[in-house]
Amino acid sequence: MKTEVVRIDPARVSGAAERQAIARAGEILRQGGLVAFPTETVYGLGGDAFDADAARKIYAAKGRPSDNPLIVHIARREDLERVADGIPEQAEILAARFWPGPLTMILPRKPEVPRETTGGLDTVAVRFPSHPVARELIAAGGGFIAAPSANASGRPSPTLAAHCIEDLNGRVEMIIDGGEVGIGVESSIVDLTDPSGIPTILRPGYITAEMLAGILGQVRTDPGLIGREVRPKAPGMKYRHYAPAGRLSLYRGEGDAVDRILRDAVIKMAEGKKVGVIAADETAGRYEGRGFLVYPIGSRQHGEEIAHNLFRVLRQCDADGVEEILSETFYEGTLGEALMNRLEKASGHTIIDS
Ligand code: TXA
Ligand code: MG
């Protein structure tokens, strides 16, 4: 299959050429084809959510296990009722406050949504993204677009169209290049189907537990997210994920982490390994000139910058053939939890305390 790549400036979606390109992409979706597109979080790989065959194609294109459900993307608040049943008041409240935006809600599934889309579950994940290209594309494609992140299964999520091309070229009909995404980590997922009635966070993101608790009162975090023993409730969170090809180790601890990284980097280099270090801008200088690669990831003063750069930096490590990636940890800021959740998973929970 030849993959067409079209550039659409998110600031100009109503231009004539842009509208034409979006109409063509919408046509591909309506005919059961696949289109990768930008959202405010990461790039998504879209197919018609009501088309079981399109869901199968998505799993095949990504090499993703088909028990891992897809998120249904909508472009109008009122379309929620078409895919979800028995919508609790909590969902109305969250939609009013956070949609369109980087929040996904798990709700009871309407029977019209194929099980292929929901990975066999009786619940459905729904998100109304705010990105202008995503919104126009969803509408043009019929209003209901199933879309996982547009990476090959297991690889870091794409934050640039170049990442989608790397992973999906020749496997999808079209890739829409809308430039670099804003947030850089996937949407927060909150499950509203727990029998306890307590909203449960299945994946941390830009919308934090504090923000959710602030308007809902009580929220909890899926115990499967924290340790390795309990099976996470979002099937996708159980896989080693977001992972670069190199071996990633995380170094925790005040200031001492830098010394520990320096020491271990030297040891690994002596073993003949190609070494890369991921560091905050504030400490990146301390690793320079020692024979390994250094990846400054952003300032600790701006956690959102680190989150924004995370997946791009992990992919860059792969592109550079780094075999051992040693990374500082970044727990601070609103995005710290989301960011460290991705990094910890990418490392297979290899965390070294100093
Ligand atoms: O920001 C995002 O959410 C991006 C963009 C493209 O919208 N999409 C995304 O999709 O991250 P994906 O497929 O990479 O991650 C979806 C996660 C997976 O961990 C999946 O297991 C979980 O959501 N999920 C989907 N439906 C679910 C359901 N009914 N119950 C529990 N977890 C579900
Ligand atoms: Mg994903």
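This is a predicted model, so every value here is computed, not measured.

## A word on the pairing of strand E6 (residues 123-127)
In terms of burial, E6 is a largely internal element, four of the five residues being buried. As paired elements, strand E4 (residues 71-74) and E6 share three bridges and run parallel to each other. Bridge assignment links Ile-71 to a residue of E6, and that residue is Ala-125. Summarising the sheet, strand E5 (residues 103-108) and E6 pair through five bridges and their orientation is antiparallel. Paired with Met-105 across the two strands is Val-126, which belongs to E6.

## Observations concerning the sheet that holds strand E14 (residues 293-296)
Judged by pairing direction, the sheet is parallel, and its five strands sit side by side in the order E14-E13-E15-E12-E16 without closing on themselves. Pairing within the sheet leaves two strands with one partner each, and these edge strands are E14 and strand E16 (351-353). Strand after strand, the sheet turns through a mean of 25° between neighbouring axes, direction not considered. Where strand E13 (residues 275-279) lies against E14, four bridges are found, and the strand directions are parallel. What sits directly across from Gly-276, in E14, is Leu-293.

## Thoughts on the site of ligand 1
Around ligand 1 sit 28 residues, and of these Thr-41, Asn-68, His-73, Ser-187 and Gly-236 come closest. Measuring from an oxygen atom of ligand 1, one finds a side-chain N or O atom of Thr-41 at 2.6 Å. Within the side chain of Asn-68, a nitrogen or oxygen atom sits 2.7 Å from an oxygen atom of ligand 1. When isolated, ligand 1 has an accessible area of 680 Å², and the protein chains bury 98% of it. Put simply, ligand 1 lies in the largest pocket. It is E6 that contributes the most residues to the shell around ligand 1, four residues altogether. A per-class count over the shell around ligand 1 returns 15 nonpolar, eight polar and five charged.

## Observations regarding the nonpolar core
Side chains of a nonpolar character, in soluble globular proteins, are inclined to be buried together. Formed by 44 residues in total, the largest nonpolar core has its most connected members in Leu-45, Leu-94, Trp-99, Leu-103 and Met-105. Apart from residues no more than four positions distant in its own chain, Trp-99 is found in contact with Ile-74, Arg-77, Leu-80, Leu-94, Met-105, Val-126, Arg-127 and Phe-128.

## Some words on the packing of aromatic side chains
Inspection of the entire model under this criterion finds two aromatic pairs. Their ring planes at 65° and their centres at 6.2 Å tell us that Trp-99 and Phe-128 sit as a pair that is edge-to-face. With Trp-99 in the loop between helix H4 (89-98) and E5 and Phe-128 in the loop between E6 and helix H5 (132-140), this pair connects stretches of sequence that are 29 residues apart.

## Some remarks on the domain arrangement of the chain
Taken domain by domain, the chain comprises domain 1 (4-226) and domain 2 (247-353). On a C-alpha basis, the centres of domain 1 and domain 2 stand 29 Å from each other. In this complex, domain 1 contributes 26 residues to the contact, which on the side of domain 2 involves 14 residues. Regarding the contact of domain 1 and domain 2, the summed buried area is about 1700 Å², with carbon and sulfur atoms giving 53% of it. Viewed at the interface, domain 2 and domain 1 are joined by five salt bridges. Salt-bridge contacts for Glu-166 lead to Arg-315; the nearest nitrogen and oxygen are separated by 2.8 Å. Seen at the junction of domain 1 and domain 2, the total is ten residue pairs in polar contact (both at pLDDT 80 or more). Going through the elements one at a time, helix H6 (161-168) and helix H8 (223-226) are the ones with two or more residues in the side of domain 1 that touches domain 2. In terms of residue count, the dominant contributor to the side of domain 1 that touches domain 2 is H6 (three residues).

## Concerning unusual backbone geometry
Phi is mostly negative for residues that are not glycine, and the peptide bonds are mostly trans. Between Trp-99 and Pro-100 the backbone carries a cis peptide bond, its omega angle lying at -5°. On the secondary structure map, Pro-100 appears in the loop between H4 and E5. One non-glycine residue, His-349, lies in the positive phi region at around 60°. With respect to the element layout, His-349 can be found in the loop between helix H12 (336-346) and E16. The partly exposed category is assigned to His-349, whose relative accessible area is 22%.

Rules used in this analysis
Residues numbered from 1 in each chain as written. Chains lettered and ligands numbered in written order. Predicted model: local features only at pLDDT ≥ 70, side-chain atom pairs only at ≥ 80, totals over all residues. Heavy atoms only, no water. Buried < 20%, exposed > 50% of the residue type's maximum accessible area, 1.4 Å probe, protein only. Helix = DSSP H or I, 4+ residues; strand = E, 2+ residues; numbered from the N terminus. Pairing = 2+ DSSP bridges. Axes fitted to C-alpha atoms, helices over the stretch in contact; angles between N-to-C directions. Near = heavy atom within 4 Å. Polar contact = N/O pair within 3.5 Å; in protein donor to acceptor, adjacent residues only side chain to side chain. Areas by Shrake-Rupley, 256 points an atom, 1.4 Å probe, with all protein chains shown as cover. 1 Å grid on protein atoms, 1.4 Å probe; cavity = no way out; pocket = protein on both sides within 12 Å on 5 of 7 lines; lining within 4 Å. Sits in = over half its atoms within 2 Å of the grid points. Nonpolar A, V, L, I, M, F, W, Y, C, P; charged D, E, K, R; others polar. Core = buried A, V, L, I, M, F, W, Y, C linked by side-chain atoms within 4.5 Å. Contact = heavy atoms within 4.5 Å. Phe/Tyr/Trp six-rings, centres within 6.5 Å; stacked < 30°, edge-to-face > 60°. Domains from an automatic or database assignment. Buried area = accessible area lost by both parts, 1.4 Å probe. Salt bridge = Lys/Arg side-chain N within 4 Å of Asp/Glu carboxyl O.

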